[in-house]
Each structure stands twice: as structure tokens, then as C-alpha cells.
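Fold and contact review
Each chain is listed here by its residues.
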Amino acid sequence: DVKVTQSSRYLVKRTGEKVFLECVQDMDHENMFWYRQDPGLGLRLIYFSYDVKMKEKGDIPEGYSVSREKKERFSLILESASTNQTSMYLCASSLLVDRWVLVGTDTQYFGPGTRLTVL
Amino acid sequence: DQQVKQNSPSLSVQEGRISILNCDYTNSMFDYFLWYKKYPAEGPTFLISISSIKDKNEDGRFTVFLNKSAKHLSLHIVPSQPGDSAVYFCAANLGGGGTSYGKLTFGQGTILTVHP
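Quick notes on the rules
Residues numbered from 1 in each chain as written. Chains lettered and ligands numbered in written order. Predicted model: local features only at pLDDT ≥ 70, side-chain atom pairs only at ≥ 80, totals over all residues. Heavy atoms only, no water. Pairing = 2+ DSSP bridges. Helix = DSSP H or I, 4+ residues; strand = E, 2+ residues; numbered from the N terminus. Axes fitted to C-alpha atoms, helices over the stretch in contact; angles between N-to-C directions. Salt bridge = Lys/Arg side-chain N within 4 Å of Asp/Glu carboxyl O. Buried < 20%, exposed > 50% of the residue type's maximum accessible area, 1.4 Å probe, protein only. Contact = heavy atoms within 4.5 Å. Buried area = accessible area lost by both parts, 1.4 Å probe. Polar contact = N/O pair within 3.5 Å; in protein donor to acceptor, adjacent residues only side chain to side chain. Nonpolar A, V, L, I, M, F, W, Y, C, P; charged D, E, K, R; others polar.

Turning to the sheet that holds strand β3 (residues 19–25) of chain A, a few remarks are in order. Residue and element names in this part refer to chain A. The strand order β1-β3-β8-β7 describes an open sheet built from four strands, whose pairing is antiparallel. One side of each edge strand has no neighbouring strand; the edge strands of this open sheet are β1 (4–6) and β7 (64–70). Averaged over all neighbouring strand pairs, the angle between strand axes comes to 20°, with direction disregarded. Alignment of β3 against strand β8 (residues 73–78), held across six bridges, turns out to be antiparallel. Bridging across to β8, V24 finds its partner in R73.

Attention now moves to unusual backbone geometry. A cis geometry characterises the amide bond from B:V78 onward to B:P79, with omega recorded as -15°. With respect to the secondary-structure elements, B:P79 resides in the loop between β8 (72–77) and β9 (86–94). Positive phi values are uncommon outside glycine, yet A:D28 reaches one of about 60°. One non-glycine residue, A:K53, lies in positive phi territory at about 70°. Tracing the sequence through the fold places A:K53 in the loop between β5 (42–49) and β6 (56–57).

Applying the stated criterion across every chain yields a total of nine salt bridges over all chains. Note that A:E22 and A:R73 form a salt bridge whose closest N and O atoms lie 3.5 Å from each other. With A:E22 in strand β3 and A:R73 in strand β8, this pair connects stretches of sequence that are 51 residues apart. Judged by relative accessible area, which is 24%, A:E22 ranks as partly exposed. The partner of B:D84 in a salt bridge is B:K37, and the shortest N-O contact between them spans 4.0 Å. Taken together, the residues span a long stretch of sequence, with B:D84 in the loop between β8 and β9 and B:K37 in strand β4 (residues 30–38) at a distance of 47 residues. Residue class for B:K37 comes out buried when judged on its relative accessible area of 10%. Several salt bridges share partner residues, and in doing so they unite A:R36, A:D38 and A:R44 into one network.

Residue-level contacts link 26 residues of chain B with 29 residues of chain A. Across the chain B to chain A interface the summed buried area is about 2200 Å²; carbon plus sulfur atoms make up 58%. There are zero salt bridges connecting chain B and chain A. Run the count over chain B and chain A and you get four residue pairs in polar contact (both at pLDDT 80 or more). Within the residue set of the side of chain B that touches chain A, elements represented by two or more residues are β4, β9, β10 (99–100) and β11 (104–106) of chain B. Here the side of chain B that touches chain A takes five residues from β4(B), the largest share from any one element. Grouping the amino acids of the side of chain B that touches chain A by side-chain chemistry returns eleven nonpolar, eleven polar and four charged.

Pasting the structure below:
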């Protein structure tokens, strides 16, 4: 079974603090993703990475940065937390898909989420 | 611009009946679709998927239907059980050749409540 773990289930921080959210997967997946989930807005992609040290902006990258120093670990960083970053943060991973030979699928596997509250 | 839309925020169904969750998309380049289920305080879990070369995929009580001309997919759950009560997200991935980084576009989610 694919296992994706996140460093904290619940986190409370103050405005202006630097916040680190860690994600680790144990299935040797190339792709890793950070989403936030807000009521009525679904899952919105913040950043993703398809290889060590590689990162791509998602749909809402403002106010966030990421780090991927090892294949199994993908970190989300809030440089200066603000109240509008209060949300559920979800990490996911998936295999790299070679569509020419139809190897792999686009299925993403999610961690349990971190509920972040910024006061 | 919401490329994947779930227009029903919630659905309530009696146990044993059919649940039908709907999803519409606007980008004709999407070629792989997935449904995820999410319980409160947990991450989404993969439920079922369908490739654009098919119009139906079945897995036990769950069936996904794809209507490419209407850019519409639906998830049928028969029979519905109270344990199916959760938020359901549909998601889509862009096609094209070469390497896919697996980037998915998600809908807003539909809260399904199955009453005993």
C-alpha cells in the first residue's frame, strides 16, 4: 500500500510566522503535490514537483514556496503566514506516467492532511 | 476559470437506493478522469477512474459513466450505504503524448449523505 504521511494533523500559528509542512511518501513516486482544500472551492493545487529539486507552480502559488531535496520528501513553506492561509493542506504523490508506453496511471495518493489555523 | 465543475454541493439519498453524482468539464483535452472520496479529517482516497477511450467503468457498487460529447461524467453508487457518506471529488487530467506529471484538476466536491 502507498503511504503518504504529513508531519502534523493540526497546527496553530500566528500571523507572520514561518510555517513548514512536511510530506513523506514511501512508494518511490516521482511526482508530489501540495493542495489546499477550502469549502466550496474543492482542492486547489499550490505547487508540484516531478523530480528532486524540480518544482512547478500550481494554480495558487502566491504566499507559498516548496522544497524537494530528496525524492521521498516534499515540503511546503509559508514564508509569513496570514489568516487567509487558514485551511486544510493535503499532500499527494503519484508515479511518473509515460503515455507512449502506457506505463503507470495518473492516480494520486493523498496524506491525511494538516489542518492549519493562522491566528 | 473552473474547468471541472460539480454543480451539486450536496446530495441526500436513502440507504439501498442509487446515488448519482455528476461532474462537468470544459476542456476537451482532458483524457483521464478520476473520482475520489473524502471523509472528514482524512485525505481523499481514490475510488474509480475512466479513460476517455471508454464510456463506462465498473468496480463493485461503483460505476463511472463518461459522455465525451456532453463533457459530462457521473458516478453511480448502487446500492448506497451509510458508510458511503462523504465528500466526492471528480478530477481530470490532460492528455497528449510524452511524460505526464499527473497534474489533476479537481471539482468543488459533492457532499453525499446516505440515510439509514
